[in-house]
Structures are given as structure tokens and as C-alpha cells.
Amino acid sequence: MNPNQIVPADQVLPGKLIVIPLMGKPIFPGIFTPLLLADKRDINIIEKVQAGDSFIGLLLTKTTEIDNPNPEDMHLIGTVAKIVKKINLPDGGINIFISTIKRFKVKKFLHTEYPFIVAVQYLEDTNFDSDEVKALTRSLLGEMKQISENNPLFSEEMRLNMVNIDQPGKIADFITSILNIKREEQQNILETPDVRQRMEKVLIFIKKEHELLKIQKKLQKEINEKISKSQREYYLKEELKAIKKELGMAVDSKSSEYNRLKEELKKLKLTGEVKEQAENELEKFSLMDPNSSEFIVTRNYLETIVSLPWQDPPAKKLDIRQAQKILDDDHYGLEDVKERILEYLAVREIKKDTKGSILCLVGPPGVGKTSVGKSIARALNRKFFRFSVGGMRDEAEIKGHRRTYVGAMPGKILQGLKIVKVINPVFMIDEIDKLGASYQGDPSSALLEVLDPEQNVEFRDHYLDLPFDVSHILFITTANTLDTIPAPLLDRMEVIRLSGYIDQEKVIIARRYLIPKSMNRNGLKKGDVKYYKKTLMTIAVKYAREAGLRDYEKALDRIHRKIARKSITGKINFPVKIEPENLQEYLGKPLFYEDRYKKIVKPGMAIGLAWTSLGGAILTVEAVSNPGKEGFKLTGQMGDVMQESANIAYTYVRHIASGFNIGPDYFSNNMIHLHIPAGATPKDGPSAGITMASTLLSLATARKIKNSLAMTGELSLIGRVLPIGGLKEKVIAARRNNIKEIILPEQNRRDLEDIPEHIKKGITFHLVSDMSQVIERIF
């Protein structure tokens, strides 16, 4: 055989190969590459191979987590390589340079333990000479050119190698070896002898790589833009600092904050402890790092100091006539409140000071307590601030949190002063009777200092912890009842009662205030709706019988809403006249009818007067006797005091029974049952004493009490009639229910004289001091 004759590779390559397992990625044919080996068994294999024909087989393991692979742990298609050079490394490992030649397939493992020896079949490329393969080759080279231009990891040598490869299959193998794809995907390419299929698979991977590069390029661009923007801002800020330094201005935000706070503190002209504390905090602020948490706390504290009104208010000339006009314009009636405010103004004018006062407006819902507060502020020409303490359980709401807590802030008093920015506003504290108490403290106790004229000159909020004079504030508190207000707190306030309104007053208030307000709220113009006086009276009697005006206003709103709706659909012509006869069309059936159960229809019935937090009310006391064992039974949800009062009435009537021809066996042979409707409504208090005694006497004597007569008064065991409270509300309730005569204690004469004449008009009052006087008038 001629030594220069070219021999086919499969005739030269050995039929058996010693295998090196690859843990990383497969190595493709046609590549010259180094291979680092550290395992002593692999080093021994290389030395043994070099002694022979220098050919080795490279098979990829199925996973990277196998230290000692078995034949079943390796793929069966790999690459044959010739060892070109070996370099020994200082750590005992070796670095070999190999030239990969061809794919092979394992036919059989001849040795199943290290060193692995396999019988192989060499695989030839197929389907490599078609127009499709040529087109795919161009596509591959074109795509790789774009990728290599945008990827700095591609060296010039790689680009040249790729262009100089003349076989399509080798081009696909070379590109796969340099693409960043998974080892399983590279092994799949290695196991594809069909060149066309191999190139199609590689083209898909190149497309994916191309998309990733686009995304990477976009992200890189965004990052570079952000970096350049931040660098530009940094340079501009540095330039600005330099310019400010040259002009003698504050260089950074901290300095400008410090200068601003210093100027504002200087304007306040503080003295004593307040000045010393503010200066200390400002000095501390100047030394702080702006990034520290304490910096924000101190800045907020200084901001609070500079935002509070520390200076005494300037003296203002008060026009009492103008104030009275404003109060009269805003509210009908309420003479007690108006008189007290005008007295306050007169004293302020004489003394020439601006000290506040503490008023407590008590009355049922809807009588105008909150709106009176706003009207007072308007009459005094002062700022108004309102907050509700209903349900408040934390005293820190009033006195603030200590600065040691995260998110600490001043209490409601200082917050209000920060908002109104004057030292002498009108503060309305709503629902003071509904204050709560909990483990977090008692807000009512915290209010003691605020509402005490002797203490509030130096009120200390927990947050501010500096004496602040709140004595210039006019405090107005509101409540529905005084029973739940703690006695020490009540002692600090001047109580003004706002009783409910009688029907005639409701009609006047509706005409002057409620109707214009409701029409405006519902989009109607003045003159669109006309009310007759009788209509307004019917609303008061049949739809809004409560002490206040909320239900009355709701009724007007319902009427105006229905009119507004009809005007949209064109079913109505203006002006609309509201008459008593067509009220049901707008308000439905009446909510209140003539209370037959409150009429006296037989002996053993009497009408009493009661007071509730919702205003006055009338109640009917009923009694019946049943023959049988002696006894006295009470029903109608009576409280302890009322039950005691009923027992006193029973004992008193038994005591005087002989004077009214009632036999001694009447009480011993009858079970007497006394009931006060409605059964579901709790009742208490001693003021129904004479009413219950009159009921029992009427029952025992079988004489009917006068129908339009009501009574109120506490009864003592020996027959004295003692004073009661809430007389005005009770008289209003009696007038609302067409009562013509009222029996009341003589000791309430002063309270009766205080009630306006228009409320008492049409009612005869009998003042009594003993139960015998009551008995003279009831039959």
C-alpha cells in the first residue's frame, strides 16, 4: 500500500475505545480544545491511551450529580478524540489538548467498570447536500454574524473559524458548542446525524439567543440611561452647591431647614422654659445626620413648636348687637344660650381680656347643639374647630403621645390649634357624655386639666411637654345627658339645657331655616314648593314627634326628593303646593296616631310625665286588682329606684285607705298588678311617685281620673311631694300630647317660671307640696 494514499477515517479509527465520562457539556466533532482532568483514574487512562493509539471516547453523563458513573448513567452517543498534547499541573492534575474527530454510537460496554471500554459504531453525516441545507447554512451564518457583533464574548478568531468551515454539519456543531444552551439540548444536537434536522434545531436556538440579546440590549440601555441621568443630576447638584456657596446661601436641604426653623422661632419671641427647650432642640437638630431616624423626630417636634400660636391674641372691639343679630339669624329660640354668650361678650368687653369659658350644652338629639357652636364662633368672629370624643378610650387622644414612641403626635387640643392657627378659637367637644375608659387610660380625666380654668393656663401635652396657655379658648361641650359625665368634669362646666321644641316652634323653624336648606340641598329653587301652616303642623304631629328636628328635616328631604324626581320626568308643574291631604303621597302613612292607650278610659289609670335623653315623654300608669291572695306585682321594665317609688305609693295608699271608704280587707283579699307601658322600654327614677299613688287610689275607689291631666313628682312615705328634674322637657311633651292640666311639686316653682310663656300657654299648672293636694285635683 502506498504510504501517501488517503485512507478513510473509519478504516483508521479503532473499533474499541476507552471512555472518559464528561460531567459538564458534550464536546462536538471538528474542535481543538483543552480538557482538564483531576481524577487519578482519568489520568491513568490518559497515560495508558498515550502509550497506544492516543484515541479516547467522550460520553456525557445524564446528570451532573454523579461522582462514580455506571454505564447506564451515560448517554450512548459521543465523540471520538485524539490526544495531541498533555501538560502536567502543579496540583497533580493534567491538562490535555484534544482534537475531536467523529460521532460514535456505543454498541456494547466491553468493560463496565473503570476504565470503561466500549465497542463503537462511527456515525456519518447524512442529508448534507441539498438546497435546503445551503439555505439553512446561509441563515445560520447570517444570524451568528448579528449575534457576534452584539456580543463582546465572541472573539475575532471565532468569527473567522465559523466563516472558514466548509461543511454544513460542522458549522452546526461549531455554533452549538459556543451557544449558551442547556447540556441536554447540546446532547440532542450531537445525537442528530441528519444535517438538515441538526441545522433546523440549531437555527431555533439561535433565534432564541437573538431574542434574549434584544431584551438584554434593551435592559442595558435603560440601565445606562438611569446611570447617566443620576450622574447628570449629581453633577448639577454639585454645581448648585458650589453656586450657593459662592452666594452665601444654604448649601443643602438640612441647612435650609435649620435656617427656616431658626427664623420662625425668632419671630415667635418665646420666653422662659419654652425658649430654652426650643433652642436646645434646634442646636441638636443642626448636629444630626439627615439619614438618622432621630433627625425626623426632632424636625417634626420643631415644626410643631413653630406651627402653634404662642402669642396672645390682639384685643378686638366686640359688637354685642351684631353678635346678637347673628345668633338670632342662625337659631330660633334658645334664649338661655344666647343670653349666656352675650353675657360672656359683655364681661370680655369690660375686662378687655380674651380668656375663654367652658359651656356644656345638654339636650336631646337634633335640637341644634352642634350648630349653636358654629353660630357662637361666627358671632364672636373667631375660628371654629370641632372634634367628637364619643367612644374615645385613649387619653393620648387628648394629651398626645410621648415623643419616645414611633409616630407620636400631639393630642386633639394642640392639633386643633395648629389647624386654626389662632390662640383664641371656639372649640366644640361633641358627645362628652359618651367618653369611654380602657387600659389605655381615661380620656375624661385627661380633659380635667384642659377644662379647668386654674390649670389650663399651663396645659402640658405629652408630645410637646411644654406649658401652653389654652385658657383663651372658648370650650363648648355637648351631651345628651349629664348622668354619664364624671362629677369632677361636670363641675368644671357651666351647664345650659337645650330642651326640645313644641310643634309651633318646629313650624316656625321649618319656615325660616329647614325648608330653604332642604330645597337647596335637593336642587329646588325658592318658590318651587309652597307649604301651608297646617301642613307643617301635620308633619310635626304625625311624622316628626321627637324633641329635636332631625326627623322633621328628613321628612322635608323626602318630599323635596320626590318633587325633584317628578320634575325630571315632567310629571309636575311648579309651584307645587303641599297640603295636609296629599302628605301621604310624599311621606306615606303617618308614623303617629292619636295615642288611645295614653287616654284614661277607666279607674286605675293615670298619666305621668317622664324625662329621657331623647327629650320629654308621657307615660300611662295602669293598675288592676284580682281577687285572691294579698300581693303587689310590678311590670314594665322598672329600675330599682322606680320599684322603690311604687312600693312607697302602695304603702301610702293602704295607709290612707280608710279615709276614702276603702275597707281593710280590699288589699288583703286582692292581688294588685301595676304596669307601665311600653313593656320593652326601660324606666327608672322617682318622679312617677305621685302618678303611681294616684293610679292605685283610683283603682281602690273605682273613680276615674280626669283625662287631660298629667302629673309628675316624687312621693315620700308620709305623703310629701318632692321636686323633680327635666321640667321643661316634660312640659313640652305634655303640650305635644294636648295635656291641659299638670300637677307638679311646689319646689319646682322656680323651674316653671323659667319656662317661656309660649310653651306654658293653654296649660293650667297646679303646684303641690303634699299628696292630699294632688288627690283634691285628680277626680
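See the structure shown above.
The written sequence of each chain sets the order in which its residues are numbered from 1. With the structure being a predicted model, the display of local features is reserved for residues of pLDDT at least 70 and the display and counting of side-chain atom pairs for 80 or more, all residues being used for whole-chain, interface and lining totals. As a convention, hydrogens and water are excluded, and side-chain values are obtained from all of the structure's heavy atoms.

### Examining the overall build of the protein
To keep it simple, the criterion reads: The way it works is that DSSP assigns letters per residue, a run of H or I at least four long becomes a helix, a run of E at least two long becomes a strand, and they are numbered from the N terminus. We compute the radius of gyration from the C-alpha atoms alone; for a globule the expected value is 2.2 Å times N to the 0.38, where N is the number of residues. Here's how the labels work: a residue is buried when its accessible area is under 20% of the maximum for its type, exposed when over 50%, partly exposed in between, all with a 1.4 Å probe on protein chains only. By the convention used here, residues are in contact when the closest approach between their heavy atoms is within 4.5 Å. The Shrake-Rupley method, run with a 1.4 Å probe sphere, supplies the accessible areas, and residue values consider only the shown protein chains as cover. The convention is simple: Lys and Arg are positive, Asp and Glu are negative, and His and the chain ends are not counted. Positions of charges follow a simple convention, taking NZ of Lys, CZ of Arg, CG of Asp or CD of Glu.
Across its full length, the protein carries 28 helices and 24 strands. Its C-alpha atoms give the protein a radius of gyration of 51 Å, clearly above 28 Å, the size a compact globule of 779 residues would have. Counting over 779 residues, the protein shows a buried share of 47%. The contacts in the protein between residues at least 6 apart in sequence include a share of 73% that link residues at least 24 apart. As presented, the protein carries roughly 41,400 Å² of accessible surface, and 51% of it is formed by carbon and sulfur atoms. The averaged location of the 103 negative side-chain charges in the protein is 6 Å from the averaged location of its 117 positive side-chain charges.

### A word on the side chain of Asn-424
Here Asn-424 lies in the loop between α15 (412–420) and β9 (426–430). Using a relative accessible area of 15% as the deciding quantity, one classes Asn-424 as buried. Excluding its chain neighbours within four sequence positions, the residues that come into contact with Asn-424 are Pro-313, Arg-382 and His-472.

### A look at the environment of Asn-573
Of note, Asn-573 is situated in the loop between α20 (550–569) and β15 (576–578). Residue Asn-573 is classed as exposed on the basis of its relative accessible area of 67%. Taking the C-alpha atoms as reference points, Asn-573 and Asp-528, separated by 45 residues in sequence, lie 9.0 Å from one another.

### Notes on unusual backbone geometry
Here the residue pair Tyr-114 and Pro-115 is connected by a cis peptide bond, since its omega of -15° sits within 30 degrees of zero. In this fold, Pro-115 is placed in the loop between β5 (94–111) and β6 (116–123). For the peptide bond that leads from Phe-574 to Pro-575, omega is -5°, which places it in the cis range. Its place among the elements puts Pro-575 in the loop between α20 and β15. A positive phi is found at Asp-465, a non-glycine position, where the angle reads about 55°. Accessibility expressed as a relative area gives 48% for Asp-465, which makes it partly exposed. At Asn-661, a position not held by glycine, the phi torsion is positive, near 60°.

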